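# Observations on the model geometry
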Amino acid sequence: MLTGNCVLLFLWCILDKSLVSPMHRWGKEHHGGLREHRRHGMAGIQRVKRGWVWNQFFVLEEYMGSEPQYVGKLHSDLDRGDNLVKYTLSGEGVGTIFTIEPSTGDIHALRSLDREEKPNYTLRAQAMDVFTGRALEPESTFVIKVQDINDNEPKFLEGPYVASVPEMSPVGTYVTRVTATDADDPTYGNSAQIVYSVLHGQPYFSVEPKTGVIRIALPNMDREIKESYQVVIQAKDMGGQLGGLAGTTTVNITLTDVNDNPPRFAKSVFHLRVPESVPVGSSVGKIKAHDLDMGTNAVVEYRIVPGDSSSMFDIYTDRHTQEGIVVLKKPLDYESRKSHSFKVSASDPHMDAGFLQGGSHSDLAVVKLSVMDVDEAPIFSSSEYSMETREGAAGNIIGVVNAHDPDTGHSPIRYSMEWSTDSENYFDIDPVEGAISSREALDRETTPKHNITVVATKVNNPLLFSRVSAVITVLDVNEFPPELSSPYEAFVCEDAKVGQVIQTLSATDRDMPNLGHRFFFKSPRDIRNKNFTIRDYGKLPTRLLHV
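The present account deals with the structure reproduced in this document. Computed from a predicted model, the values in this text were never measured in an experiment.

By the alternation rule, side chains of strand 9 (residues 161–166) split into Tyr161, Ala163 and Val165, which are all buried, and Val162, Ser164 and Pro166, of which none is buried. Where strand 9 lies against strand 15 (residues 246–256), 6 bridges are found, and the strand directions are parallel. Looking across to strand 15, one finds that Tyr161 is bridged to Val251.

One open sheet accounts for 4 strands, arranged 25-32-31-28; its pairing is mixed. Where the open sheet ends on each side, the last strands, each with one partner, are strand 25 (384–390) and strand 28 (413–417). Strand-to-strand twist across the sheet, computed as the mean angle between neighbouring axes with direction ignored, equals 30°. Pairing analysis gives 9 bridges linking strand 31 (residues 449–458) to strand 32 (residues 465–475), with the strands arranged antiparallel. Its bridge partner being in strand 32, Val455 is matched across the sheet by Arg467.

Take the nonpolar core next. Counting 24 residues, the largest nonpolar core has Phe265, Val284, Tyr302, Phe313, Leu332, Val344 and Leu369 as the members making the most contacts within it. Looking at this core, the elements with two or more residues in it are strand 17 (269–275), strand 18 (283–290), strand 19 (301–304), strand 20 (313–317), strand 21 (323–328), strand 22 (339–347) and strand 23 (362–372). Counting residues per element, this core draws most heavily on strand 23, which supplies 4 residues. Filtering out sequence-adjacent residues up to four positions away, Tyr302 remains in contact with Phe265, Ile287, Lys288, Ala289, Ile315, Thr317, Gln322, Glu323, Gly324, Val344, Ser345 and Ala346.

Attention now moves to the environment of Ser311. Examined against the element boundaries, Ser311 turns out to sit in the loop between strand 19 and strand 20. Sequence separation between Ser311 and Phe342 is 31 residues; the distance between their C-alpha atoms is 9.5 Å. Not counting the four nearest positions on each side in its chain, Ser311 is found in contact with Lys329 and Lys330.

Right, let's get into the packing of aromatic side chains. Going through the model one piece at a time under the given rule, you end up with 10 aromatic pairs. A centroid spacing of 5.0 Å and a plane angle of 80° characterise the contact between Phe57 and Phe142, whose relative ring orientation is edge-to-face. With Phe57 in strand 2 (residues 56–60) and Phe142 in strand 8 (residues 140–147), this pair connects stretches of sequence that are 85 residues apart. As far as burial versus exposure is concerned, Phe57 and Phe142 are alike and both buried. With a centroid separation of 4.9 Å and 25° between ring planes, the pair formed by Phe313 and Phe342 is classed as stacked. With Phe313 in strand 20 and Phe342 in strand 22, this residue pair connects regions lying 29 residues apart in the sequence. Considered together, Phe313 and Phe342 belong to a single accessibility category, that of buried residues.

Attention shifts here to the sheet that holds strand 19. Strand order in this open sheet of 4 strands is 17-23-22-19, and the pairing throughout is mixed. Unpaired on one side and paired on the other, strand 17 and strand 19 mark the two borders of the sheet. Within the sheet, the average angular offset between the axes of one strand and its neighbour, ignoring direction, is 30°. With 9 bridges connecting them, strand 22 and strand 23 associate as antiparallel partners. From the neighbouring strand, Lys343 faces strand 23, where its bridge partner is Val366.

What follows deals with the pairing of strand 7 (residues 120–129). The element strand 7 is largely enclosed, with a buried count of 7 among its 10 residues. With 7 bridges connecting them, strand 4 (residues 85–91) and strand 7 associate as antiparallel partners. Bridge pairing in strand 7 links Lys86 to Met128. Here strand 7 runs beside strand 8; their pairing, made up of 6 bridges, is antiparallel. Along strand 8, the bridge assignment pairs Asn120 with Lys145.

With that out of the way, let us pick up the pattern of salt bridges. A complete count under the given rule lists 15 salt bridges for this structure. Arg215 is paired through a salt bridge with Glu208; the nearest N and O atoms lie 2.8 Å apart. On the accessibility criterion, Arg215 (27% relative accessible area) is partly exposed. For Glu208, a relative accessible area of 28% puts it in the partly exposed group. Residue Arg223 pairs with Glu224 through a salt bridge whose shortest N-O separation is 2.8 Å. Residue class for Arg223 comes out buried when judged on its relative accessible area of 8%. Glu224 sits in the partly exposed class, given a relative accessible area of 23%. Linked by salt bridges that have partners in common, Asp375, Asp405, Asp407 and Lys458 make up one network.

The step from Gly159 to Pro160 runs through a cis peptide bond, and the omega angle for that step is -5°. Within the secondary structure, Pro160 is located in the loop between strand 8 and strand 9. The step from Gln202 to Pro203 runs through a cis peptide bond, and the omega angle for that step is 5°. Relative to the helices and strands, Pro203 resides in the loop between strand 11 (195–200) and strand 12 (205–207). The residue Asn220 is not glycine, and still its phi comes out positive at about 55°. The residue Asn220 is located in the loop between strand 13 (213–216) and strand 14 (228–236) in this model. Given the relative accessible area of 56%, Asn220 is considered exposed.

All right, on to the environment of Ile429 then. Mapped onto the elements, Ile429 comes out in strand 29 (residues 427–429). Between the C-alpha atoms of Ile429 and Val400, which are 29 residues apart in sequence, the distance is 8.6 Å. Excluding residues that lie within four positions of it along the chain, Ile429 makes contacts with Val401, Tyr415, Ser416, Met417, Gly434, Ala435, Ile436 and Val454.

Reading the values: rules and limits
Residues numbered from 1 in each chain as written. Predicted model: local features only at pLDDT ≥ 70, side-chain atom pairs only at ≥ 80, totals over all residues. Heavy atoms only, no water. Buried < 20%, exposed > 50% of the residue type's maximum accessible area, 1.4 Å probe, protein only. Helix = DSSP H or I, 4+ residues; strand = E, 2+ residues; numbered from the N terminus. Pairing = 2+ DSSP bridges. Axes fitted to C-alpha atoms, helices over the stretch in contact; angles between N-to-C directions. Core = buried A, V, L, I, M, F, W, Y, C linked by side-chain atoms within 4.5 Å. Contact = heavy atoms within 4.5 Å. Phe/Tyr/Trp six-rings, centres within 6.5 Å; stacked < 30°, edge-to-face > 60°. Salt bridge = Lys/Arg side-chain N within 4 Å of Asp/Glu carboxyl O.

Have a look at this one:
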């Protein structure tokens, strides 16, 4: 029978009694000496029972000794120390990693082993007769396990981490989770037992020691005060005990915006200066309330508070800059009012009421607008003038236009007519009084209406002038007699009956009105013919000639 003998390095015994390598033996209930075995042969032995008493050896990883590391010993009860038994090994790493002393059965590891590279090796043992080469026992398999030491620090395979959490989140709010792995044996000791801790990032954040879950640790963390945090997390093995190996990772945490800030004006009064000549609908200035939030949370709505001058202006929000654009609704006039004042409200339409803490979600500011005087052009008393004159008259005054200087200087005004092919020939205007007169007789039948343009210019500043249109209607004078619409030539048959209509006559008049004239038809006395008569039918413009 083979009997194992357990041998250990002294160092192993100091580290851990569980590291003792066992002795490997074959066993049976009845056995004799080797010579008896040879004398009777293999067939003469009655093996009642055989089995492993121990089927595993241990070898310490990362062994750094100067001599090969002793693993264990194979021994046979048939071996009486007379060198008649030879021990052999086969399997993984035999010859390159493991070797056996044939005469003693001592097994050694030839080089340092790494459990994380290969945790165990399967080998086969054989006890043989030195002279005959016959196996004394059937070949048996056993395992050499590489015993773990704490030679690997925890590693964060996914770091560095990026995470975000809403600002103002309560303590304990989940942020993210970090995970470290340890290549050491998790089933042996606590070399792979990891504990997490915060190296940098307190008191803002905490980490659960066993899970690596990072949570908010400080209340009321405000993005507007500090937006980004860099947290360093440590993972330490050996359960966090002294001497354990550690690895770290960085977690970049950003506080995301919530709508917790109302808009606020930087000052209570805004001053604007606007020329009185600004057209209605134009922008006359900008004001701005600042909202410390971001994106849609920073939208500001402006409103003019009803009151003094509020009807003169309007305001809307520039969606790109969140500025309030003040717009003119009615004309400004320096001479009538030199300044305007009104209040503007700025509010957040989507403010979270939970963050108001008794404050208001809006703010007020006063806008004071000064109207600047502008040297203005003359202003006519009417936007358009309509005048009438009878045809045929010349040199008479048709009408008068009037303009004044709206400025405080009250500059004298001079009038002129803008040249045109029509007005230049027919009309004159008094440069001081603005009286329009006809230069020559007007003929309604030629031109019934005349359109002229009058220019009013300031004497003190000839560059400033205004124009106005004047329409002159020529009234009709009854100066033309009626005329037959066309020359008529009538024919009648010799046997025409009495009363038969042989021609219908009509007449026109170049005087007014063009339609609706009342004409009377009759034959002149000196050319009357008793064979024909003209009958007048009253309202009809045509008359009938009867036989």
